[in-house]
Amino acid sequence: MSKPKFKNPVVNWIDYRLPIFTFMNHELNEYPTPKNLNYFWNFGSLAGITLVTMIITGIVLSMNYTAHVDYAFDSVERIMRDVNHGWLLRYIHMNGASFFFIVVYIHIFRGLYYGSYKAPREILWILGVLILLLMMATAFMGYVLPWGQMSFWGATVITNLFSAIPLVGESIVTWLWGGFSVDNPTLNRFFSLHFVLPFVIVGVVILHLVALHRFGSNNPIGIDVKGKQDTVPFHPYYTIKDLFGLSVFTTIFAAAVFFFPNFMGHPDNYIPADPMVTPAHIVPEWYFLPFYAILRAIPDKLGGVLFMFGAIMVLFVLPWLDKSSVRSSQFRPLYKLFFWILVIDCIALGYLGAKPAEGIYVILSRIATAYYFFHFLIILPLLPRIESTRPLPVSISTPIITASSNASTVMAMREKK
Amino acid sequence: MTKKNTPEDQNKRDFLQVSTYALGAVGAASFVWPLIDQMNPAADTLALASTEVDLEALEEGQSITVKWRGKPVFIRHRTKEEISSAKDQLLDGLRDPQTDDERVQNDKYIVLVGVCTHLGCVPLGQKSGDVKGEYGGWFCPCHGSHYDHSGRIRKGPAPTNLEVPKYSFLSDTLIKIG
């Protein structure tokens, strides 16, 4: 055995038998990370912390929740009124779902902007899209649990999507429901799955991290790390940066929990579920609105469902749709422009998803939906043919215009030492 | 032990291997099926009693909603104009062509499962103040499907007509749904 790595003999004794400390030291301490990461690289760790927050608050909420159509709504109200700190735990969990999606959507658009999905990080990206899908399923089933009007009708509409499948659609919906409408068996299984899926997410997150640490983080200029001079150890540089970002994030999160906890929710969900009356205007939670807009934009039931799922499926194959070898938008002037149009398009879809499906909104939804797919299926594959990318820097440490910049010369000299 | 593999031996091994896999697959499938099928409606759910409704008090132009298998069922005592408009409709322009006669047992009463065939919302049109859509029957507020006096889809995303449940008249004004 080589000389002991750690000062503490107990740590050494354990590490010899179970190299957990070596592993942690390698992946969390000395892990070489590109030195030019900006604050958009905070959102991965923020997503991880939010996931843990959701699991912890979720476990304690489940200790006070009753998954039965006659008791579910009241048990949630009891959590809000009678259970010690129940209101706080529920508001953290409820708003945590929204913040989880905010963080993850920023994380995804970061990846789109800086080309983080390109070789050799395709599997890293695909695992990320898989996490997004699992999150959506988990969030949807969680929203059903309070058994309010939006819970019930949201569940009805979303499960009915599967009835669009030819031939077996109706049988699948009956199978999902465990009956002939959304009812107690549905609530029970949704609770069970809502409990277990987050742990599946944890598993995929671990794979996501293994894939990430294989080649390390991408960076704002999107070129590979050329050597030691391009990186800094993860600790203390990025632990501190992540912690600072976390403190900003938790400040905003706390503001939502304490001052406007119901801002991102829907008041109709404080009305107990009534299978005989559909609310006048059903909308899903805000994070599903762009997909909901796509669903409603297509005037055909099966078509709408296919396009909605297609909007996610297209992300799985994104690494092969974007044929440009340049990762970062900083060197792709045209891609940068189209990226921002896509951002606006997605926000527009979100807005349209919340509007009633009539008149001008339908037309705009169709345009926005068409553009979404146009971006991924037409623009991205064709763009490299017409785009002249800017010259890439030699390395992260070598700025493009070395001669004219004093500061960079100093930097370069320092590195030589 | 180092006996050479004759072709015959190889055949034997292939047979053993294939039959082992096949048996294993059957075994796994027969274990997985209960895990999947437990999610289908249970016996007590299937045994949900049928619903009997007395239509004696239902005046012309009135509607009632009853619950059957957890879903709303619409029963409407149609007016003469509604009946004739439903009967006179040509089948040409219909998305899911059905004559009114195929959809009712007694012209006066139309019985429908009150669930939009698009994504399962409950359409409006049962109460007198409700929006009834462009064809005067029912209107689904979720995604804008319009149904006529016979519950046929006329406009909007729903693919088929409102479902007619299985029902029978026990007497002139007593029906049994289910």
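Residues numbered from 1 in each chain as written. Chains lettered and ligands numbered in written order. Predicted model: local features only at pLDDT ≥ 70, side-chain atom pairs only at ≥ 80, totals over all residues. Heavy atoms only, no water.

**Thoughts on the state of the cysteines**
All names here are of chain B.
Consideration 1: If you walk through the whole model with that rule in mind, you get one disulfide over all chains.
Consideration 2: Cysteine Cys116 is unpaired, with the sulfur of Cys140 as its nearest cysteine sulfur at 3.8 Å.
Consideration 3: Judged by relative accessible area, Cys116 falls into the buried class, the value being 3%. (Disulfide = S-S within 2.5 Å. Buried < 20%, exposed > 50% of the residue type's maximum accessible area, 1.4 Å probe, protein only.)

**Examining the packing of helix 5 (residues 86-113) of chain A against helix 10 (residues 234-259) of chain A**
All names here are of chain A.
Consideration 1: Close contact between helix 5 and helix 10 brings their axes to 9 Å; oriented N to C, the two are set at 130°. Between helix 5 and helix 10, the interaxial angle falls into the category oblique. The two elements helix 5 and helix 10 cross, and the hand of that crossing is right-handed. Of helix 10, the residues touching helix 5 (which contributes Trp87, Leu88, Tyr91, Ile92, Asn95, Gly96, Phe99 and Val103) are Phe249, Ile252, Phe253, Ala256, Val257 and Phe258.
Consideration 2: Partitioning the contact of helix 5 with helix 10 into residue classes produces twelve nonpolar, two polar and no charged. (Axes fitted to C-alpha atoms, helices over the stretch in contact; angles between N-to-C directions. Helix = DSSP H or I, 4+ residues; strand = E, 2+ residues; numbered from the N terminus. Parallel < 35°, antiparallel > 145°, perpendicular 65-115°, else oblique. Left-handed = near helix turned anticlockwise from the far one by under 90°. Contact = heavy atoms within 4.5 Å. Nonpolar A, V, L, I, M, F, W, Y, C, P; charged D, E, K, R; others polar.)

**Details of the domain arrangement of chain A**
All names here are of chain A.
Consideration 1: Domain annotation for chain A reports domain 1 (31-282) and domain 2 (296-390).
Consideration 2: One C-alpha centre belongs to domain 1, the other to domain 2; they are set 23 Å apart.
Consideration 3: Domain 1 puts 31 residues into the contact, and the matching count from domain 2 is 31 residues.
Consideration 4: For the pair domain 1 and domain 2, the two sides together bury roughly 2,600 Å², of which 69% comes from carbon and sulfur.
Consideration 5: Considering only the side of domain 1, the residues that lose the most area to domain 2 are Phe109, Tyr113 and Lys118, jointly responsible for 25% of the buried surface there.
Consideration 6: Linking domain 1 with domain 2 are two salt bridges, by the criterion used here.
Consideration 7: Here Asp224 makes a salt bridge to Arg327, at a shortest N to O gap of 3.1 Å.
Consideration 8: For the pair domain 1 and domain 2, the number of links is 15 residue pairs in polar contact (both at pLDDT 80 or more).
Consideration 9: The set of elements that each furnish at least two residues to the side of domain 1 that touches domain 2 consists of helix 5 and helix 6 (122-144).
Consideration 10: Among the elements that take part in the side of domain 1 that touches domain 2, helix 6 stands out by supplying eight residues, more than any other.
Consideration 11: Of the residues belonging to the side of domain 1 that touches domain 2, the class tally is 21 nonpolar, six polar and four charged. (Domains from an automatic or database assignment. Buried area = accessible area lost by both parts, 1.4 Å probe. Salt bridge = Lys/Arg side-chain N within 4 Å of Asp/Glu carboxyl O. Polar contact = N/O pair within 3.5 Å; in protein donor to acceptor, adjacent residues only side chain to side chain.)

**Here we look at the sheet that holds strand 9 (residues 174-177) of chain B**
All names here are of chain B.
Consideration 1: Read from one edge to the other, the open sheet built from three strands follows the order 1-9-8, with strand pairing classed as antiparallel. Looking at which strands have only one partner, the edges of the open sheet turn out to be strand 1 (51-54) and strand 8 (167-169). Pairwise comparison of adjacent strand axes, ignoring direction, gives a mean angle of 20° for this sheet.
Consideration 2: Note: strand 8 against strand 9, three bridges, orientation antiparallel. Residue pairing in the sheet places Tyr167 in a bridge with Ile177 of strand 9. (Pairing = 2+ DSSP bridges.)

**Points about the sheet that holds strand 3 (residues 71-77) of chain B**
All names here are of chain B.
Consideration 1: With respect to topology, three strands assemble into an open sheet ordered 2-3-4, the strand pairing being antiparallel. Each edge of the open sheet carries a strand with a single partner, namely strand 2 (63-68) and strand 4 (109-113). Shown here is a sheet whose adjacent strand axes are inclined to one another by a mean of 20°, direction ignored.
Consideration 2: Alignment of strand 3 against strand 4, held across five bridges, turns out to be antiparallel. Counterpart to Val73 in the pairing with strand 4 is Val113.

**As for unusual backbone geometry**
Consideration 1: The peptide bond linking Ala119 of chain A to Pro120 of chain A adopts the cis configuration, its omega dihedral lying at 0°.
Consideration 2: Considering the arrangement of structural elements, one finds Pro120 of chain A in the loop between helix 5 and helix 6.
Consideration 3: A cis amide bond links His235 of chain A to the next residue, Pro236 of chain A, at an omega of 5°.
Consideration 4: As for its placement among the helices and strands, Pro236 of chain A is situated in helix 10.
Consideration 5: In this structure, Leu167 of chain A is a non-glycine residue whose phi angle is positive, near 65°.
Consideration 6: The backbone phi angle of Arg69 of chain B is positive, close to 50°, even though this residue is not glycine.
Consideration 7: Assignment of secondary structure puts Arg69 of chain B in the loop between strand 2 and strand 3.
Consideration 8: For Arg69 of chain B, a relative accessible area of 31% translates into the label partly exposed.

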